[in-house]
Every structure is written in structure tokens, then in C-alpha cells.
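Listed here are the chains, written in short residue letters.
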Protein chains: 2
Amino acid sequence: MKIIHTIKELREWRNSVQDVAFVPTMGNLHNGHLSLVAHAKQAAKHVVVSVFVNRIQFGEGEDFDQYPRTLEQDAEKLAKLDVDVLFAPDERELYPNGVQNYFVEPPALQNELCGAFRPNHFRGVTTVVSKLFHLVEPNVACFGKKDYQQLTIIRGMVADLNMNIRIIGVPIERDADGLALSSRNQYLSTDEHAAAVFLYQQLQHIAQQLRSGSRDFTVLEQAATQTLTQHNWRVDYVSIRDAGSLNTAQTQDTKLVILAAAHLGKTRLIDNIEVDLSAA
Amino acid sequence: MKIIHTIKELREWRNSVQDVAFVPTMGNLHNGHLSLVAHAKQAAKHVVVSVFVNRIQFGEGEDFDQYPRTLEQDAEKLAKLDVDVLFAPDERELYPNGVQNYFVEPPALQNELCGAFRPNHFRGVTTVVSKLFHLVEPNVACFGKKDYQQLTIIRGMVADLNMNIRIIGVPIERDADGLALSSRNQYLSTDEHAAAVFLYQQLQHIAQQLRSGSRDFTVLEQAATQTLTQHNWRVDYVSIRDAGSLNTAQTQDTKLVILAAAHLGKTRLIDNIEVDLSAA
């Protein structure tokens, strides 16, 4: 596996190969990321993984500074999976002037769900992903369904800006107890870690009620919010949406996704479950 | 020459060739455009010219509807120059939902000079150019210096979003009397056409004074504005700027550009002259 730090070297490598799958990450790789890599290997001959903690998608007071940087261990994991290139640019390489001047601006969805609590987060994501796409020039790119809103916005960007890249959404990896894997799980204390699966259980409860025919979305959302709050979670949102557009769910919609974001202690966790009622 | 109307056919053609130069236009081709094509032919093995009147870069009350559509004549001119592909998508091909949701948003320069008089114009340009770049995937693209602010913003976008495309700025083509070629010149009456070179003459006058050592930029701008106004022009701006950044010119700057936009009757014309004082 080549470890590449500069744009110049990346472009040289890219000119020498065809058929590339790309997995952009912020590092601190866990089995969720490794599942993305496995899907990438299935999708193309060569695989590039980037590790870059992207300052412009973090807000003030968020965890940019404390976000875990573990490049050496990340490189070991990727080398074992026979990844072709680990692209790990430093900040000056992607933001040579210290600032980004041109942004890929997503539509109003960027201000809903997580976006309502993280101003400018999604335009930071689309902008850096757009930069990385222009650098790696992949045929296909893999994103986790864990960040469901991000995946939806990336799909929208690629379609709307006519990028010639196939996007694969990869299912969420979970701990044995059901907790969705996340780099931020390591912020949790032992007790919090044991309690964290409760968020997923609430989503499962809503999914069950939807499958049983309930369509009173607001009641379901509010009940889960209340239950979480009673168990000492600070809830940003619990929301039932159309799985494709992320528009607020309508009674006749059959492909739904239930999304939630909530704080357990000082840690903000997100999770979601897709519910397909058309097969019922 | 292939005339291609669909994205599907364009991508098929693009997969069959390497080394492509691209000239995006809104059609109604004159010798200025043909000079872009000549530069494109020098720069790469294959040349793609697009003709697309891009609704999202026109403001309310601007000339989108009356903008001249002359595809048949355009195709004849391009075929004579041995262009490989004329890409002429209809609106539904580039805006299948009737709207664009993701925009490439330029920095504050988009609201200066022409941008101060044409809200959202430049983000309409960067967005469609970004779409066309993702479709044509050129190695090099040619833009005219006539639209100097547009060229500067495109250069900025390509650098800032790490697009792997070399941008060539092509000198302005002028009539025998000096009038810069423009599709909008055909809106001029015969009398207006004869009078229109006066804008260029004012820029030449400023250039001469800069070369003679004058650095009182505001006085030069105001004098030209006043003279044009006295000759029945309605002036949007006359502005002396740093040629690279388009920042307001500073006394120590040596590479300058003098830009102007002004209305003659119902027609808005723009022009500019670069002045290099470092060689003096």
C-alpha cells in the first residue's frame, strides 16, 4: 500500500491506473470503515482511502481539536485489506491559503435534521468531498448509511452537478449489542457505552410500530423523544422521513427512514433505521 | 463533427478518447469564440464546444428569452474548424427537475463589478461550468478575456475545488475599429454600433495615463465615467483592479486590468484592458 501525502504524487499515481473506488474518511478507522473498504474492493480494481479531518465541516465548540488522529493504526488496518493508496494530506495541502473560498452549497436539506444543530456542516462536507473527488477521480465512491443525511446529500450533489461517479451506500456496522459503530463512541464512559444502545432500541421500537400499521409519525417521534429524555438523553431530533428525499414522511410513503441524534453526557450520537413497507 | 444532444451519448464518446480541450459557449458564435476554438485545438488532440444558453446565470429582466439562438449556423462554423464534438443539450438534459439544487458558490468577488449589477450571475456561471466540466471531463478549457471577471472566478473555482483542468485565458477579439466582439453587439442600432467603440477608447485613455505614471485610480475611474455619461452612456462601473486577484488596485501593483460595463441605449456592453507596468 502506498501512503501518499501530496496532491502531486496522488495525481501521478492516478494517471497510472484505471477503475478506482474511493472511500473518504476522517480516520480513526473501525469496522464500519473497513466494511466501506470491503465494498470498494468489490466495486473496482483499485481502492483509495483518504484520511483527512476536515476543519470546515466542524462548527465552533465542536470536537475538531479532540477528534482522534490515529494515522499509524489506520494505515496498518488498510494495508491488511490490500488497499492501493492511503491518501493522507495535511491541511496545507487541501487548504493552501488556510481558507476555502468556493463552496458546494447544498439545498435547504442542509439546514434540517443534523444540519439544524450543525450550521455549515454539510456545505463543509460537500465541499471537501467535491475536492477529494476532483483529486482522486474515482469511478465509484462508498459512504456509510450511518451518516444517512450525508449520504443523501452526496447523492444529490453527484446527480445535480453531473459528477461521473457511482455512489454506494453501505449498511451500518453495529456492536454485538446493536450500538452503531462510530469514532465518537470512544468519548463514552464505560457506563455510557452500555447505555448507548438505548437510542437504537427506540428506533427499533418505532420501526416495529410502523410495520404494525401506525402512521401517526409525530406521535411516534414525540414518544421516543420523551422516553430518551427520561433516560437522561438530550435529544436533538427523532424524525421519520422519506428514505429517498428525506422529506418529512407522508402517510402514503412506503420507503421510510427513522433518524435520530441525541447527546449522552458530552457525546453526540446519531443512528437510523430504514423501514421498507412496500414489501409488507 | 458529431453533434451530441444527450449526456449519455457525450459520455460514450468521451470514454473513447483521451486529451480533450473544451470551449463552453452560449452559441451565436463570432470570431471571438472561433479564436477560443483555435486555442483549444492547439492545446489538445480533441475539441468539444458546448452551446447552451444557461438560464440560471440570467437575472430577472435580463435577456435570456431574446438571447440569439443560432445553432445551425454555429454548427456550420464549428464543422469548418474541424471540431470533434458540438455538445448542445436542451434545458431538460442539464436541469432535469427544472431547477438546480446544488450550487458552486463563489466568494465575495461574485458581488463586485458585474456581480453588483447581476445578482446570482456568477454562481449560475460556476455551477453550469462545473456541471459541464463533470460531463466533458476536459484536460484543458478555454475562456475569453472579454469576460475577465468570469475568467478570474473560473480560475479560482478550479484551483480551490482542485479540478484537474488547465484554464487558458484567450485575448479579446475586436472589430477593425476596436469594438470588442460580443453576441450582444447585434442588439445595437447602426448608430450605436458606430458609437460603441467609445467605451474601449476610454479604457485606452486610462491605460495610457497609467503607463505615464498616474496612480490616482479613483480620479481616472471617475473621469472616464463622467466622459461616458456625457456621451449618453449609462455606466455601471469603470474600475482599475489587480489583474490576478481583481482586488482594488493598490499603488504598488504592477499588473493591472481596467474593466468597464456600461449601457448604450438598451444594450449593456463590457470591455477591459490589461496593463503590465512591470515591463516598463
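The rules behind these values
- Residues numbered from 1 in each chain as written.
- Chains lettered and ligands numbered in written order.
- Predicted model: local features only at pLDDT ≥ 70, side-chain atom pairs only at ≥ 80, totals over all residues.
- Helix = DSSP H or I, 4+ residues; strand = E, 2+ residues; numbered from the N terminus.
- Rg over C-alpha atoms; globule rule 2.2 N^0.38 Å.
- Buried ≥ 20, exposed ≤ 12 C-beta atoms within 10 Å, placed from the backbone.
- Contact = placed C-beta atoms within 7 Å.
- Nonpolar A, V, L, I, M, F, W, Y, C, P; charged D, E, K, R; others polar.
- Pairing = 2+ DSSP bridges.
- pLDDT = per-residue confidence, 0-100.
- Axes fitted to C-alpha atoms, helices over the stretch in contact; angles between N-to-C directions.

**Quick look at the overall build of chain A**
Next up, step 1: When helices and strands are counted, chain A shows ten helices and ten strands.
Next up, step 2: Taking 2.2 N^0.38 as the reference for a compact globule, 280 residues should give roughly 19 Å; the C-alpha atoms of chain A span a radius of gyration of 19 Å, in line with that estimate.
Next up, step 3: When the backbone C-alpha atoms are referred to their principal axes, chain A occupies close to 55 × 40 × 35 Å.
Next up, step 4: Counting across all 280 residues of chain A, residues that qualify as buried make up 40%.
Next up, step 5: Put simply, 68% of the contacts in chain A that link residues at least 6 apart link residues at least 24 apart.

**A short note on the interface of chain B and chain A**
A common measure of how large an interface is: the accessible area buried when the components associate.
Next up, step 1: Counting residues at the interface gives 21 residues for chain B and 21 residues for chain A.
Next up, step 2: If you list the elements that add at least two residues to the side of chain B that touches chain A, you get β5 (103-105), α6 (121-136) and α7 (148-160) of chain B.
Next up, step 3: For the side of chain B that touches chain A, the element with the most residues is α6(B), which contributes four residues.
Next up, step 4: For the side of chain B that touches chain A, the per-class residue count stands at nine nonpolar, seven polar and five charged.
Next up, step 5: Bridging between strand β5 (residues 103-105) of chain A and β5(B) involves three bridges; their strand directions are antiparallel. Bridge pairing in β5(B) places A:F103 opposite B:E105.

**Points about the confidence of the model for chain A**
Next up, step 1: On average, residues of chain A score 97 in pLDDT, and 100% of them reach the 70 mark or higher.
Next up, step 2: Per the prediction output, this complex has pTM 0.97; the corresponding ipTM is 0.96.

**Notes on the sheet that holds strand β2 (residues 20-25) of chain A**
One key point about sheets: their strands pair by backbone hydrogen bonds, in either a parallel or an antiparallel sense.
All names here are of chain A.
Next up, step 1: Within the open sheet, the six strands sit side by side as β1-β4-β3-β2-β6-β7. Their pairing is parallel. On the outer flanks of this sheet lie β1 (2-4) and β7 (166-170), each paired with one strand and no other. For this sheet, the mean angle separating the axes of adjacent strands, direction not counted, is 25°.
Next up, step 2: Bridge count for β1 against strand β4 (residues 85-87) is three bridges, and the pairing is parallel. Across the sheet, the residue bridging to I3 is L86, located in β4.

**What to know about unusual backbone geometry**
It is generally the case that most residues other than glycine have a negative phi and that most peptide bonds are trans.
Next up, step 1: Phi angles above zero are rare outside glycine, and A:N232 is one such case at about 70°.
Next up, step 2: The residue A:N232 is located in the loop between α10 (217-230) and β8 (233-242) in this model.
Next up, step 3: Judged by local crowding, A:N232 falls into the exposed class, with 12 C-beta atoms found within 10 Å.
Next up, step 4: Non-glycine residue B:E137 carries a positive phi angle of around 45°.

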